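Residue strings, one per chain:
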Amino acid sequence: MKKSQFINIALVVAVLSTSACSSKEDKSAKNSHLYLRSDTNAHYTHVYHPYRYHGFSPVGLYFLSTLGRPVYRSTGYESYSTPHSSTARSQTISRGGFGRSAFSVGSGRS
Amino acid sequence: MKRIAITPRNFWQNKVETLGFGFHSLEGIKYWDESAYYQFTYSQIEQLEKATNILHEMCLEAVQYVMDHNLYHLFHIPASVIPLIERSWENDEPSLYGRFDLAYDGIHPPKMLEYNADTPTSLYEAGIVQYFWSEEVRRGVDQFNSIHEKLVDYFRSVKPYLKPGKIYFACIKESLEDLTTVEYIRACALEAELVTEFIYIDEIGWDSKTQTFVDNQEMDMQNIFKLYPWEWMVNEEFGQNLLIDRNQTLWIEPAWKMILSNKAILPILWQLFPNHPNLLPSYFEKPASWDTYVAKPLLSREGANVEIVENGNTILETEGEYGEEGFIFQEFYPLPEFEGNYAVIGSWVIGQESAGIGIRENTTLVTNNTSRFIPHVIV
């Protein structure tokens, strides 16, 4: 990123953000609609609070209690398949090209 | 800077799992460790924040220098990729984040060990998990952590600069850690009211007729956040498509991060900013007078293939599969030790600004995949 852009963005962020040491503010309010949804190929829409959570195995809902504490409610287990389209265009599409070097980049917090 | 031992919360595993933190332990080894925390003073945090901002600014200057002097060969970056890198730089393509690894003892200036500028992780632990830990264990006490707010703010600020359509978020399969990190970042994008979709990296398609990347619904993909290193992408045959992509897809992080995530940037920085208090002397060739140093591969993860030599003797050497591209040599600057634990500061840059820290510690001098994440507070 060029320096000019860096400066512009820094200014914008400086205005938007609070102090770097921010724990005094009510972060739980900001996070009120989501902590995490792991996985899936299911399509997302703009759905806010409470969020559906898709884990590798357990599936449930995360939401904040009236005390501002995160609460998880399991709704059992589900699995998803990838809904690939099959159209004329499919004839010219190849997949699986990226990922061949793959192992987790996070396994060493790299 | 102090390390304070405490009793972990009862049922801490359940508490962090409630936050969606499923990889708190890896193969039976504790990764999230709340049996201790680090305590900083405000002046120490200001020192870290200032150093992080300065280092990031110097890194941007170093990127420009590498381009201006055509030094890509020092980074073993293929010539075919250079146009992609330079286009991403000239077009100011969005750059979300990076994490400096700093050696800091609370007294001396923080020293940059390296910059994880392309695929840094531990973001979720730093931004969310340690925050909720502090809310319960040290409520009312500060923490250097505006990671979440800055992620959301940054997505809001780049919204006008994205290409039409969704922003996709991609990582490999079979890694809960990578998936958690990517989905957390996507959550921040959603909070910024961006339209998003998750896709595994190997599901990204290439349409040879239209010469565009496509999703599972065969729709063109024009904005993609990937937790997948650039050096892997460009070295895979499929990556050749990046050069002919008609959409010129915006990849986050942008291609120019290939320069900063490569340890060849360390000697470049030392050359540009000699004796800077936040840098360690680093060279492409080991100085003849050095008998104490660290040899690091240009490209490596998990602390792999690092060799520490002290007084001519190898005192630590890690295994791995890296090093083919060569090594750089950095002054040996031991991590501070706290009761047998060596701590490294992961200092986050979000949207070009210092945003918070996460601390990992290990019982050896090299931070690797057995390191533990330790929360912190400011008093």
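In this text the structure is predicted, and so the values were computed from the model without any measurement.

Asks: Pulling in residues and values, what's your account of the nonpolar core?
Replies: All names here are of chain B. Residues Phe40, Ile85, Met112, Ile204 and Ile259 are the most contacted members of the largest nonpolar core, which totals 72 residues. The element best represented in this core is helix α2 (residues 42-68), accounting for ten residues. For Ile85, the contacting residues outside a window of four places in its chain are Met67, Tyr72, Ile77, Ala255, Trp256, Met258 and Ile259. In terms of nonpolar packing, the next biggest core, distinct from the first, is built from 48 residues, Ile167, Cys188, Ala189 and Ile252 among them.

Asks: Summarise the sheet that holds strand β4 (residues 36-40) of chain B; cite the residues concerned and give the values.
Replies: Residue and element names in this part refer to chain B. Spatially, the three strands line up as an open sheet ordered β1-β4-β22, and their pairing is mixed. Looking at strand neighbours, the two that pair on one side only are β1 (2-5) and β22 (376-378), the edges of this open sheet. Sheet twist, expressed as the mean angle between neighbouring strand axes with direction ignored, is 30°. Where β1 and β4 come together, four bridges link them in antiparallel fashion.

Asks: So what's going on with the sheet that holds strand β17 (residues 327-330) of chain B? Which residues, and what values?
Replies: All names here are of chain B. Spatially, β13-β17-β14-β15-β16 is the arrangement adopted by the five strands of the open sheet, whose pairing is antiparallel. Whereas interior strands pair on both sides, the edge strands pair on one side only; in this sheet they are β13 (282-283) and β16 (313-317). In this sheet, strand β15 (residues 307-310) lies alongside strand β14 (residues 293-297) in antiparallel orientation, the contact comprising three bridges. Bridge assignment links Tyr293 to a residue of β15, and that residue is Val309.

Asks: Requested: an account of the packing of aromatic side chains, with residues and values cited.
Replies: Taken as a whole and judged by the stated rule, the model has 28 aromatic pairs over all chains. When the centroid spacing of 5.9 Å and the interplanar angle of 85° are considered together, the rings of Phe98(A) and Trp251(B) count as edge-to-face. Within this pair, whereas Phe98(A) is found in the segment after β4 (93-95), its partner Trp251(B) is found in strand β12 (residues 250-252), the two belonging to separate chains. For Phe98(A), a relative accessible area of 0% gives the class buried. You can call Trp251(B) buried: its relative accessible area is 3%. For the pair Phe213(B) and Trp251(B), a centre-to-centre distance of 5.5 Å together with 90° between the ring planes defines the contact as edge-to-face. Of this pair, Phe213(B) sits in strand β10 (residues 212-214) while Trp251(B) sits in strand β12, placing them 38 residues apart in sequence. Exposure class is identical for Phe213(B) and Trp251(B). Each is buried. Linked through ring pairs, Phe21(B), Phe23(B), Tyr31(B), Trp32(B), Tyr124(B), Tyr184(B) and Phe373(B) together constitute an aromatic cluster. It is Lys257(B) that lies over the ring of Trp256(B); its NZ or CZ is 5.7 Å from the centre.

Asks: Can you lay out the confidence of the model for chain B for me, pointing to particular residues and giving the numbers?
Replies: Here chain B averages 93 in pLDDT, and 97% of its residues register 70 or above. Interface confidence for the predicted complex, given as ipTM, is 0.73, next to a pTM of 0.82.

Asks: Help me get a handle on the confidence of the model for chain A, residues and values and all.
Replies: All names here are of chain A. Averaged over all residues, the pLDDT of chain A equals 43, while 11% of them reach at least 70. Considering each helix and strand of chain A separately, the mean pLDDT is smallest for helix α1 (residues 3-16), with a value of 31, and largest for β4, with 88. Contacts from residues 1-82, a stretch scored under 50 in pLDDT, to residues over four places away or in other chains number 210 contacts.

Asks: So what about the environment of Tyr38(B)? Which residues, and what values?
Replies: Residue and element names in this part refer to chain B. One can find Tyr38 in strand β4. Using a relative accessible area of 0% as the deciding quantity, one classes Tyr38 as buried. Residues Tyr38 and Met112 lie 74 residues apart in sequence; the distance between their C-alpha atoms is 19 Å. Ignoring anything within four residues of it in the chain, the contact list for Tyr38 reads Met1, Lys2, Arg3, Phe338, Ala343, Ile359, Glu361, Ile374, Pro375, His376 and Val377.

Asks: For the side chain of Asp215(B), give the residues involved together with the corresponding values.
Replies: Of note, Asp215(B) is situated in the loop between β10 and β11 (223-226). The side chain of Asp215(B) is buried and forms no salt bridge, while Lys166(B), the nearest opposite charge, is found at 4.7 Å. Within polar-contact distance, the side chain of Asp215(B) engages the backbone nitrogen of Glu218(B) at 2.9 Å. Sequence-distant contacts of Asp215(B), defined by excluding residues within four places in its chain, comprise Arg95(A), Tyr168(B), Glu197(B), Ile199(B) and Met221(B).

Asks: Let's hear about unusual backbone geometry: which residues, and what values?
Replies: Residues and elements named next belong to chain B. In this model, Ile252 is joined to Glu253 through a cis peptide bond whose omega is 0°. Within the secondary structure layout, Glu253 lies in the loop between β12 and α8 (257-260). The phi torsion at Asn70 lies on the positive side, around 50°, for a residue other than glycine. Here Asn70 lies in the loop between α2 and α3 (82-90). Positive phi outside glycine occurs at Glu339, with the angle close to 50°.

The rules behind the values
- Residues numbered from 1 in each chain as written.
- Chains lettered and ligands numbered in written order.
- Predicted model: local features only at pLDDT ≥ 70, side-chain atom pairs only at ≥ 80, totals over all residues.
- Heavy atoms only, no water.
- Core = buried A, V, L, I, M, F, W, Y, C linked by side-chain atoms within 4.5 Å.
- Buried < 20%, exposed > 50% of the residue type's maximum accessible area, 1.4 Å probe, protein only.
- Helix = DSSP H or I, 4+ residues; strand = E, 2+ residues; numbered from the N terminus.
- Contact = heavy atoms within 4.5 Å.
- Pairing = 2+ DSSP bridges.
- Axes fitted to C-alpha atoms, helices over the stretch in contact; angles between N-to-C directions.
- Phe/Tyr/Trp six-rings, centres within 6.5 Å; stacked < 30°, edge-to-face > 60°.
- Lys NZ or Arg CZ within 6 Å of the ring centre and 35° of its normal.
- pLDDT = per-residue confidence, 0-100.
- Lys, Arg positive; Asp, Glu negative; His and termini not counted.
- Salt bridge = Lys/Arg side-chain N within 4 Å of Asp/Glu carboxyl O.
- Polar contact = N/O pair within 3.5 Å; in protein donor to acceptor, adjacent residues only side chain to side chain.

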